[in-house]
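Residues per chain, in single letters:
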Amino acid sequence: MSKPQNKQSEPTISLSKAAYDKILKWVFDGKLAPGAFMSQSELSQLMDIPTQPLRDALRVLESENMLVIHPRSGIQFRKPDLEFIRATYQFRSIIESSAARNFAQYGKETLINELLDEHLKLIDIVDKEGINNKILDSIEAIEQKFHGAMINSLNNELVEVTATRLKYYIKLIQLEHHFTPTLVKSTLMEHVRILEACADRDQEAASQCLLKHFKEALHRHMRLF
C-alpha cells in the first residue's frame, strides 16, 4: 500500500517545489514587492499556482523567514529593516569567518588563483564599461562562486543549507540597493584582499578581511535608511 501513496505524492512534491521556486523568482525579480500583502487566493490567481502547492510553498517560505502568513487574513512578504539586515550580516560573519579560515588552510591553490584572476578582470571591465545588466549578472555569479567556495570548503551540509537561506536574505536586502561602479569595485577589492590572504595561507588575515568585508557591506546597506 505504501508504494502507490509515494507515487501519488511525487507530483504534489514537484508542484510544491515549482511553486516555491516561482515565488522566490518573482520576489527577486521585483514582481512581488517587499512588504506586499495579499490573500492566498489573490496570490494564487496572480501567479497561476494551484491552491495546495501554493500553501505548501508558503509554509516553507514562512519557516525560512521570507514571509509571514496571517491566519484568515493574508500573506505579507518580508521587507528588510535595520534589525533584519544587522542580524543577517552577524549570522554570515559567524559562519563565513570560520569558512575563510578553512579556505585559507585547505582551499585549492588553483581555485584561489582562479577566483583572484576573475575578480581582477571584472574590476577592469567595470572600470572600462561601468554597470549594465550583463555585468550585474557577472557580479552575482562571482559573488556566489566566491562565497560558495569558502562555504563548500567546510564540507558541512548543515552549514550549506543555512548559507543558502542567508543568500536569499542578502538578495532580498539588495533589491533596494543601487549598484554603482565605485560600490562594485570596492566590494570586489574586499574579496581580493580575502583571496590574497588565502593565497598566503594566512588564516587569521583571511578571517579578519572577511569580517571587515561584511562590516563594510552592513554599513553600505544601513546608509540607505
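Structure's up top.
What counts and what doesn't
- Residue numbers run consecutively from 1 along every chain, following the written order of its sequence.
- Where totals are concerned, whole chains, interfaces and linings use all residues; where local detail is concerned, this predicted model gives features only for residues with pLDDT of at least 70, and gives and counts side-chain atom pairs only at 80 or more.
- With hydrogens and water stripped out, all remaining heavy atoms of the structure feed into the side-chain values.
- Every axis corresponds to a line fitted to the C-alpha atoms, with the helix fit spanning only the stretch in contact, and the corresponding angles, defined between N-to-C directions, vary from 0 to 180 degrees.
- Elements are defined by DSSP. Helices are runs of H or I of four residues or more, strands are runs of E of two residues or more, and each kind is numbered from the N terminus.
- Any angle that falls under 35 degrees is termed roughly parallel, while one over 145 is termed roughly antiparallel, one within 65 to 115 roughly perpendicular, and all others oblique.
- Each helix crossing is assigned a hand: it is left-handed if the near helix lies turned anticlockwise from the far helix by less than a right angle, otherwise right-handed if that turn is clockwise.
- In this description, contact between two residues means that some pair of their heavy atoms is separated by no more than 4.5 Å.
- Ten residue types, Ala, Val, Leu, Ile, Met, Phe, Trp, Tyr, Cys and Pro, are classed as nonpolar, four, Asp, Glu, Lys and Arg, as charged, and the remainder, Gly among them, as polar.
- Each reported salt bridge corresponds to a side-chain nitrogen of Lys or Arg within 4 Å of a carboxyl oxygen of Asp or Glu.
- Burial classes follow relative accessibility: with a 1.4 Å probe on protein chains only, a residue under 20% of its type's maximum area counts as buried, one over 50% as exposed, and anything between as partly exposed.
- To estimate the expected span of a helix, count its residues, drop one, and scale the result by 1.5 Å.
- The directions from the helix axis to the C-beta atoms form the arc being described.
- Identification of polar contacts relies on pairs of N or O atoms within 3.5 Å, with a donor-acceptor requirement for protein atoms, meaning one able to donate a hydrogen and the other able to accept it, and with residues adjacent in sequence counted only if both atoms are side-chain atoms.

A. Spotlight on the packing of helix α4 (residues 82-106) against helix α9 (residues 203-222). The N-to-C vectors of α4 and α9 enclose an angle of 160°; their axes lie 8 Å apart at closest approach. In terms of their interaxial angle, α4 and α9 are classed as roughly antiparallel. For α4 against α9, the interelement crossing comes out right-handed. Contacts between α4 and α9 involve Leu82, Ile85, Arg86, Tyr89, Arg92, Ser93, Glu96, Ser97, Ala100, Arg101, Ala104 and Gln105 from the first element and Gln203, Glu204, Ala206, Ser207, Leu210, Leu211, Phe214, Ala217, Leu218, His221 and Met222 from the second. Residue composition of the contact of α4 with α9, grouped by class: 12 nonpolar, six polar and five charged.

B. Spotlight on the pattern of salt bridges. Tallied over the full model, the rule gives 13 salt bridges. Taking the shortest distance from any N to any O, the salt bridge between lysine 25 and aspartate 29 comes out at 2.6 Å. By relative accessible area, aspartate 29 is classed as partly exposed at 43%. We note a salt bridge from arginine 101 to glutamate 204, for which the minimum N-O separation is 2.3 Å. Of this pair, arginine 101 sits in helix α4 while glutamate 204 sits in helix α9; the two residues are 103 residues apart in sequence, bridging distant segments of the chain. On the basis of relative accessibility, which here comes to 31%, the residue arginine 101 falls in the partly exposed class. The exposure class assigned to glutamate 204 is partly exposed, which follows from its relative accessible area of 39%. Within the structure, one salt-bridge network assembled from shared partners comprises Glu114, Glu118 and Lys145.

C. Looking closely at unusual backbone geometry. One non-glycine residue with positive phi stands out, namely arginine 72, at about 60°. Within the secondary structure layout, arginine 72 lies in the loop between β2 (67-70) and β3 (74-77). Phi angles above zero are rare outside glycine, and asparagine 155 is one such case at about 50°. Assignment of secondary structure puts asparagine 155 in the loop between α6 (133-153) and α7 (157-174).

D. Structural view of α9. The end-to-end C-alpha distance of α9 is 29 Å, a good match for the 28 Å that 20 residues give at a rise of 1.5 Å each. When we look at burial in α9, the residues that qualify are Ala206, Ser207, Leu210, His213, Phe214, Ala217, Leu218, Arg220 and His221. Seen end-on, α9 carries its buried residues on one side only, within an arc spanning 160°. The outward face of α9, more than 90 degrees from its buried face, is lined by the exposed residues Lys212 and Lys215. In the core, the buried residues of α9 are packed alongside α4, α6, α7 and α8 (181-199). For α9, the side-chain oxygen to backbone nitrogen distance between the N-cap and glutamate 204 is 3.4 Å, and the N-cap itself is aspartate 202.

E. Region of interest: the environment of methionine 222. As for its position among the elements, methionine 222 is in helix α9. By relative accessible area, methionine 222 is classed as partly exposed at 33%. A sequence separation of 140 residues divides methionine 222 from leucine 82, and the C-alpha atoms of the two residues are 6.7 Å apart.

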